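Close look at the chain arrangement
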Amino acid sequence: MRPVPLGTRGSYTLVVAPEHLASRFKDATLPPVFATPMLILAMENAALEALKPYFDPGESAVGTRVDVEHLAATPVGRRVVAVAEVTKVEGRNIEFRVSAHEGDTPIGRGTHQRALIDLARFNARLGDRHAP
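Remember, predicted model here, so these are calculated numbers, not experimental data.

Calculation criteria
Residues numbered from 1 in each chain as written. Predicted model: local features only at pLDDT ≥ 70, side-chain atom pairs only at ≥ 80, totals over all residues. Heavy atoms only, no water. Helix = DSSP H or I, 4+ residues; strand = E, 2+ residues; numbered from the N terminus. Contact = heavy atoms within 4.5 Å. Pairing = 2+ DSSP bridges. Axes fitted to C-alpha atoms, helices over the stretch in contact; angles between N-to-C directions. Buried < 20%, exposed > 50% of the residue type's maximum accessible area, 1.4 Å probe, protein only. Polar contact = N/O pair within 3.5 Å; in protein donor to acceptor, adjacent residues only side chain to side chain.

**Some words on the environment of Glu69**
In this structure, Glu69 sits in strand β2 (residues 59-70). With 30 residues separating them in the primary sequence, Glu69 and Ser99 have C-alpha atoms 9.2 Å apart. Once you skip the residues sitting within four places of it in the chain, Glu69 turns out to touch Leu39, Ile107, Gly108 and Arg109.

**Focus: the sheet that holds strand β4 (residues 93-102)**
One open sheet accounts for five strands, arranged β1-β3-β4-β5-β2; its pairing is antiparallel. At either end of the open sheet lies a strand with only one pairing partner, and these are β1 (9-15) and β2. Going from strand to strand, the sheet's axes swing by 25 degrees on average, the running direction of each strand aside. As paired elements, β4 and strand β5 (residues 105-118) share ten bridges and run antiparallel to each other. When the sheet's bridge partners are listed, Ser99 is paired in β5 with Arg109. Contacts from helix α2 (residues 36-51) reach β1, β2, β3 (79-90), β4 and β5 within the one sheet, and its direction differs from that of β2 by about 140 degrees.

**Thoughts on the side chain of His112**
Structurally, His112 is set in strand β5. What makes His112 buried here is its relative accessible area of 1%. A polar contact is formed between the side chain of His112 and the backbone oxygen of Arg65, at a distance of 2.8 Å. Within the structure, His112 has its side chain in polar contact with the side chain of Arg114 (distance 3.0 Å).

In structure tokens:
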């Protein structure tokens, strides 16, 4: 991986659809609002987008830590934009400040960490762990 400058940013956008709702895939009694796991997914994707230009062939990064506050409910049809900014790079570990908003409304914020991986080595170890 090429050096990733502090302050590098990535973003990820999605329009909230029925399959993103807490009431749809967690608990039918919940209100029809954007689910926290989907908020985290958007934030993780924003972080990955920030790193992609710096990967060497055969590299990626997996999530290792998430600490997020879900600040506001978001209904179907609204556009959510997640942003991740690199705050620390230490060896193979990259830390981010993450946030998400719907229009002018902040809906989430927190921190996220990813670890650089060699895809071939990672997949080989995964295969070894799941061999019969």
